[in-house]
Every structure is written in C-alpha cells, then in structure tokens.
Amino acid sequence: MTSAQERLYQAALWSMLVSAAAIIVSIAVSQIFLGLALIALIGSEAPLRFPPIKAPLFLLLGWTLLSLLASGHIREGLPQVRKFFVYVGVLLVAYTVFGLARQARWLAGAWFLLAAASALRSLVQFTQKLDEARVRGEDFYQFYVGERITGFLSHWMTFGEVSVLVLLVLLSYLFFSPAPSRRSVVLCCLSGAVLLASLLVSFTRSIWLALAVAGGYLVWQWRKKLLWLAPLLVAVAFAAGPGAFQRRIESMFRPSSDSSINARRIMWRTGWRMIRTHPLLGVGPQQVGPQFRSFLPADVGPLPPAYYEHLHNLYIHFAAERGVPAALAVLWLLARIVWDHRRALGRSPAAADRFLLHAAIAVTLAIAVGGLFEVNLGDSEVLTVFLTAISLGYAAIGRGRPPQPA
C-alpha cells in the first residue's frame, strides 16, 4: 500500500468503528459513517473480504428482489432493498478491517459504555413513567406496556433487542476473555448490572426468553453447574419483584388474558393464509400490512389493539412477505453461523479470540429465539449489531489464514 492508501484504510477502520458503536445512539450517524467506511475501503484498494455466508445471505437478498419484482409494488418495497446496504456494507467492511483482536476489544468496550449509558437513560424514563401513571391515577401495568422505555432509540423493542445483544457480548467477554484487568472487570460488571436492570424493567417478554436461552448457552460453556441456579434466581426475582413485574411474568403462562398474545395468534394465522396463497414469492416486500385484512381468517372478530404492519414472527413474516425460500434462507444463515463458530471453538483457537466466537453464537441464538416473536432483523439497529458481532467472530476464525477475496 502507498501512504495514501494506508491512510484511507485507517479511515475505513475508524469510520467502521464509529459506525458500529454509534448504532446504540443514532441510526443516522451510524449509516453515514458506514458509507464513509465503505468509500474509504474501496479507495484504499485493499483486498475486500466477505464472511463465508455468501450462499444463504445472497439467496435471501436475491429472493427478496424476485419477490419485489413479482409483487407489482416496487416503489413501496424499496425500503427492504435499501437495507441491502446494511447487510452487505457491514459484513464487507467489518470483516475486512477488524483483523486484529485488539480492534474487536475496542469496539466491544465502546458498545459496553454506550449501551450502559442508554440503559441508564431508560431507567430514568422508567421512573418518569411511574410518576406519570401515579399522577394520572392509572394502573401502571396497563399504562406502561403500551409505552415502554427506549433509551436512546426510538422503540422499546429495538432498544431491548440491541441491549440484549450487547449484554451477551459483555458476558462472553467476562467469561472467556483471557485474564482481563481488574479495572475492566469492574467496569464490565457495572455496565452489565445496569443493562440487566434495564432489561428487567423493559417488560419485553421475548427479550427475556432470548436472554435466557443465549445467556444460558454462555453460562453452560463457562460453568455448567451454575446453570442449576437459574430457576432459583427466577423464583427470587419473581417473589421480590413489584406487582406489575409479576403480572408481566404471569401473562406468559396465561396467554388468553393478554391482548398482545391474542393479536399475535391472529397475525400468525393470517400469515399462514398468505403463505398458502403465495408460497413461492409471498405478497411482496412491505405488503404484509396493506394486505393484512384481505387474508384475515373468517372467524376473527374485531382486532385487538396491536401493530399489524408485520407479523411479529421473523420466519412467518419472511415466508409470507417474500416466500418460503426466503424464510429457509434465514434459517440456513443462522444455522451456518452457529455451525462455523462451534467448529472453530473445537479447533482450540487463540485465547484472545474465544470470547468473540462464543459471543457470535450467543447473539445468533438470541436472534433465532427473539425471531419467534418479533421481526428483529427488520430493525437496522439490531441488524447492524448482529452483523458486526458475527463479522468479529468470523474475523477471529480467519485470523492467521490467507485472506479470501470477496
């Protein structure tokens, strides 16, 4: 590389670092710096690299294009095509420039600090909502579940999903990073405690389930015996929690009493009708909402209050919107990521890379479980953190190997 190319490559590295960190705070800032990183990387003429998940990823993106072209609603579906910039841009740039373990630790540290700051803001929001419900004389549970904490982000679901992914990376760092300093352990423990408190008061059940499964994987890999304490901790948290918290947990076991669960049932039944009618290419990107009532089952009465623009299930939604092959591509992608990183762990990787490999598996499990109840990969913020985390994992797998061209 010439000196000018080296400067461009460094600009790409730092721009990608800012982009991945800034997604905790602002999607606009993140995508601006992602664009700058991509331009700088191309200008540097450095060899471009892409993680070895091209087959499932490009099947998903290609099938999305076919569905869009066949739908007759090309203009309305363009937002899903613009999301290709996130898929390809993040994977290409992050996998190419984050070649050293210390760069991954820089980004992880930025995530921990910014996510903790967002969680602190969310706890302040929670106390404000408590006061607001008391002033209005309303039942806090009913008042809160429709307008929950968001941190620095725009929606409570996006905030919760991003927070749980960062918390899983943090736990992986604490469990598997070789001999972290006492200062970093203290800071990570403080950040983790704030994040966990924020997630508990978020009242987002799908996030709790995702954290339980993915966090359980990390604990199992770290200290198997500690996993037996999980039921006890849940019981203590339930008994010590306030009434609204207990009601939220009870709603998971009494679905008939919860309007949001009833709404999801209607969405999933409607989605299956879309799939049966359009199994190959779906109804088209961004067309689930506009066509939702056309596919409602005949026995459904007035719709419970809910958001009906998507189906609150990643797999049903993608199959209904883009066709069954698109949903299978998502499953293939998630399975391939877990398989690749488990194989890498079996090859005794460098100690500095183990936390990245476990983190990639944990965040993928969280996405897979959360996807049963939300279209989590539809949020660019969640997608950016997820793709960056698996890029760091694949960079750890490829460390020391000859670079492969994109």
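In the block above lies the structure referred to throughout.
Chemist: Help me understand the overall build of the protein in this model?
Modeler: Looking only at helices and strands, the protein has 17 helices and 0 strands in total. Against the globule reference of 22 Å for 406 residues, the protein gives a C-alpha radius of gyration of 22 Å, in line with a compact fold. C-alpha extents for the protein along the principal axes are approximately 65 × 55 × 40 Å. Scored against the burial criterion, the 406 residues of the protein give a buried share of 53%. Long-range pairs, those at least 24 residues apart, make up 77% of the contacts in the protein between residues at least 6 apart in sequence. For the protein, the computed accessible surface area is about 18200 Å², with 66% contributed by carbon and sulfur atoms.

Chemist: Hey, could you run me through empty space enclosed by the protein in this one?
Modeler: Rolling a probe over the atoms, with the probe sized like a water molecule, indicates the empty space that remains. Summed over the entire model, instances satisfying the criterion amount to 4 cavities of 30 Å³ or more. Each pocket or cavity is described by its volume, and for the largest cavity that value is around 60 Å³. Lining the largest cavity are Glu161, Val164, Leu165, Ile207, Ala210, Ala366, Ile367, Gly370, Asn376 and Val382. Tallied by class, the residues present in the lining of the largest cavity amount to 7 nonpolar, 2 polar and 1 charged.

Chemist: What is the right way to read the packing of aromatic side chains from this model?
Modeler: The way to describe two aromatic rings as a pair is by their centre distance and the angle between their planes. Under the defined criterion, the tally for this structure stands at 12 aromatic pairs. The interplanar angle of 15° and the centroid separation of 5.0 Å between the aromatic rings of phenylalanine 140 and tyrosine 144 together place this pair among those described as stacked. Here phenylalanine 140 pairs with tyrosine 144, and both are found in helix 7 (residues 140-145), just 4 residues apart, close to one helical turn. Pairing phenylalanine 292 with tyrosine 308 gives two aromatic rings, centres 5.2 Å apart and planes at 50°, and the pair type is tilted. A residue pair is termed long-range when its members are at least 10 positions apart, and phenylalanine 292 in the loop between helix 13 (259-277) and helix 14 (314-322) and tyrosine 308 in the loop between helix 13 and helix 14 qualify at 16 residues. Assessed through its relative accessible area of 2%, phenylalanine 292 is described here as buried. Since its relative accessible area comes to 13%, tyrosine 308 is described here as buried. Chaining the aromatic ring pairs together yields one cluster made of Phe126, Phe140, Tyr141, Tyr144 and Phe203. Cation over ring: arginine 49 sits above tyrosine 95, and NZ or CZ is 4.4 Å from the ring centre. Just above the ring of phenylalanine 318 sits the side chain of arginine 322; from NZ or CZ to the centre is 4.2 Å.

Chemist: Mind showing me how you'd approach helix 6 (residues 101-136) here?
Modeler: For an α-helix, 3.6 residues make a turn, and residues three or four places apart therefore share a direction. Helix length check: helix 6, at 36 residues, gives a terminal C-alpha distance of 52 Å against a target of 52 Å (1.5 Å per residue), a fit within 8%. Directly after helix 6, the chain includes glycine 137, whose backbone phi takes a positive value near 75°.

Chemist: Help me out: how do you make sense of the layout of surface pockets in this one?
Modeler: What the second largest pocket holds in volume is close to 1200 Å³. For the second largest pocket, the lining is made up of 32 residues, of which Leu196, Leu211, Ala212, Leu233 and Val234 are closest to its centre. At the level of elements, helix 8 (156-176), helix 9 (182-200), helix 10 (205-222), helix 11 (230-240) and helix 12 (243-251) are the ones that each hand at least two residues to the lining of the second largest pocket. Residues belonging to the lining of the second largest pocket are distributed by class as follows: 29 nonpolar, 3 polar and no charged.

Chemist: Whenever I open this one, unusual backbone geometry confuses me. Can you help?
Modeler: Comment: phi is negative for the bulk of residues other than glycine, and the bulk of peptide bonds are trans. One non-glycine residue, glutamate 45, lies in positive phi territory at about 60°. Within the secondary structure, glutamate 45 sits in the loop between helix 2 (27-44) and helix 3 (54-71). In this model, serine 348 sits at a positive phi of 55°, which is unusual for a non-glycine residue. With respect to the helices and strands, the residue serine 348 is situated in the loop between helix 15 (324-346) and helix 16 (354-370).

Conventions and cut-offs
Residues numbered from 1 in each chain as written. Predicted model: local features only at pLDDT ≥ 70, side-chain atom pairs only at ≥ 80, totals over all residues. Heavy atoms only, no water. Helix = DSSP H or I, 4+ residues; strand = E, 2+ residues; numbered from the N terminus. Rg over C-alpha atoms; globule rule 2.2 N^0.38 Å. Buried < 20%, exposed > 50% of the residue type's maximum accessible area, 1.4 Å probe, protein only. Contact = heavy atoms within 4.5 Å. Areas by Shrake-Rupley, 256 points an atom, 1.4 Å probe, with all protein chains shown as cover. 1 Å grid on protein atoms, 1.4 Å probe; cavity = no way out; pocket = protein on both sides within 12 Å on 5 of 7 lines; lining within 4 Å. Points joined across faces, edges and corners; volume = space filled by probe spheres on them. Nonpolar A, V, L, I, M, F, W, Y, C, P; charged D, E, K, R; others polar. Phe/Tyr/Trp six-rings, centres within 6.5 Å; stacked < 30°, edge-to-face > 60°. Lys NZ or Arg CZ within 6 Å of the ring centre and 35° of its normal. Expected span 1.5 Å × (residues − 1).

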